[in-house]
Amino acid sequence: MAESVKTKESSSPKKKKSKAKAPLSRNAVRERFLKKLSVAIITYNEEANIGDCIKSCRDIADEIIVLDSNSTDKTKEISESFPEVRFSSQNFKGHVEQKNDAISLCKNEWILSLDADERLSEELRDSLRAFLESPEDPSLNGLKVSRLTFHMGRFIRFSGWYPQTKYRIIRKSKSTWTGENPHDYLVVEGKGKKIKGDILHYSFADLAQQVDTINKFSSIVSWTRWKKNKNFSLARTIIKPFGKFVEIYLFKLGFLDGFPGFTIAISSAYSTFLKEAKVYELGKKLIERPSNLRKDYGK
């Protein structure tokens, strides 16, 4: 009788399911960095913005400096709820002066400078992690970043608002804020380069806030110009607003941003007019200073 042969079904050994790796803690991520980064933010009544701003950069920051100018809302409480934050307050000297003071408070050589209504895009965070993990380049003193602004329900990609590529990550010993308040910018000595990603800018909650900002900023500019003995010019007051509208809407392709682009062109022209008209008020001694200028401004 033939012996029956039992055959075993061949089967591959069962693989043990690998457990998903837990995400690295913030401290573990920062320990991989070869450079340490300070973040400098200036604030005034920014309770609606400061929390999201800090959340967007805390993973890559060794410290976050918040320099306030005597806020009356919950800016301080929200800022100090984050362990990375060192909070200070002083009278508002001007945008340029305040940002330079914030930089001076930073302990690290590399600094990221942000406004409270700005956030880091995911691509920019990835780029900064790669930068911080890379070996030091002694010849590199700054990184330029593009800024993408959200306004009237959309990100504005034309109208002169994008890419607005400027230095924002800088070597402390080689950089300084300058410009005509409130329109400031960083100057960097030596070599710099562009980094991938955007700073996302949530500048206005609505058009009403934009109009308020135009009124406030035009007062700062006119006051600054008057203090520098800049006189009123009727021709400039007539020509410059019209030129600004044409520049924004046509030459800088504002029409491609739809109705928001048209609104930006109109508001930019209006802002240009107000800056000149308020110099007229000051020059004729109709006012001592604009009524919406903070009492501690420049002190």
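Before reading on, note that the structure itself is shown above.
A brief look at the structure comes next. Just so it is clear, the structure is predicted and the values come from calculations on it, not from any experiment. (Residues numbered from 1 in each chain as written. Predicted model: local features only at pLDDT ≥ 70, side-chain atom pairs only at ≥ 80, totals over all residues. Heavy atoms only, no water.)

### Here we look at the packing of helix 7 (residues 234-251) against helix 8 (residues 258-283)
For any two helices packed against each other, one specifies the inter-axial angle together with the distance between the axes.
So, point 1. The contact between helix 7 and helix 8 brings their axes to 8 Å, and the two run at 160 degrees. The angle between the axes of helix 7 and helix 8 places the two elements in the roughly antiparallel class. Note on packing geometry: the crossing formed by helix 7 with helix 8 is right-handed. Mapping the contact onto sequence places Arg 236, Thr 237, Lys 240, Pro 241, Lys 244, Phe 245, Ile 248 and Tyr 249 in helix 7 and Gly 261, Phe 262, Ile 264, Ala 265, Ile 266, Ser 268, Ala 269, Thr 272, Phe 273 and Glu 276 in helix 8. (Axes fitted to C-alpha atoms, helices over the stretch in contact; angles between N-to-C directions. Helix = DSSP H or I, 4+ residues; strand = E, 2+ residues; numbered from the N terminus. Parallel < 35°, antiparallel > 145°, perpendicular 65-115°, else oblique. Left-handed = near helix turned anticlockwise from the far one by under 90°. Contact = heavy atoms within 4.5 Å.)

### Re the packing of helix 6 (residues 207-227) against helix 8
So, point 1. Contact geometry of helix 6 with helix 8 gives a least axis separation of 8 Å together with a crossing angle of 40 degrees. In the crossing of helix 6 with helix 8, the sense of the turn from one axis to the other is right-handed. From helix 6, Leu 207, Gln 210, Ile 214, Asn 215, Ser 218, Ser 219, Val 221, Ser 222, Trp 223, Arg 225 and Trp 226 reach across to helix 8, where they touch Thr 263, Ser 267, Tyr 270, Ser 271, Leu 274, Lys 275, Glu 276, Lys 278, Val 279, Leu 282 and Gly 283.
So, point 2. Residue composition of the contact of helix 6 with helix 8, by class: nine nonpolar, nine polar and four charged. (Nonpolar A, V, L, I, M, F, W, Y, C, P; charged D, E, K, R; others polar.)

### Regarding the pattern of salt bridges
So, point 1. Under the definition given, this model contains 18 salt bridges.
So, point 2. Via salt bridges that share partners, Glu 122, Arg 125, Asp 126 and Arg 129 belong to a single interconnected network. (Salt bridge = Lys/Arg side-chain N within 4 Å of Asp/Glu carboxyl O.)

### Details of the environment of Ser 69
So, point 1. Its place among the elements puts Ser 69 in the loop between strand 2 (63-68) and helix 3 (75-80).
So, point 2. With 27 residues separating them along the chain, Ser 69 and Ile 42 place their C-alpha atoms 7.9 Å apart.
So, point 3. Among all residues touching Ser 69, those that are not within four sequence positions of it are Thr 43, Tyr 44, Ser 89, Gln 90, Asn 91, Phe 92, Gln 98 and Arg 294.

### Comments concerning the layout of surface pockets
So, point 1. The space that makes up the second largest pocket amounts to roughly 200 Å³.
So, point 2. Taken together, 13 residues make up the lining of the second largest pocket; nearest its centre are Lys 93, Glu 97, Asn 181, Thr 224 and Tyr 297.
So, point 3. When contributions to the lining of the second largest pocket are tallied by element, the ones reaching two or more residues are helix 4 (95-104), strand 9 (175-180) and helix 6.
So, point 4. In terms of residue count, the dominant contributor to the lining of the second largest pocket is helix 6 (three residues).
So, point 5. Partitioning the lining of the second largest pocket into residue classes produces three nonpolar, four polar and six charged. (1 Å grid on protein atoms, 1.4 Å probe; cavity = no way out; pocket = protein on both sides within 12 Å on 5 of 7 lines; lining within 4 Å. Points joined across faces, edges and corners; volume = space filled by probe spheres on them.)

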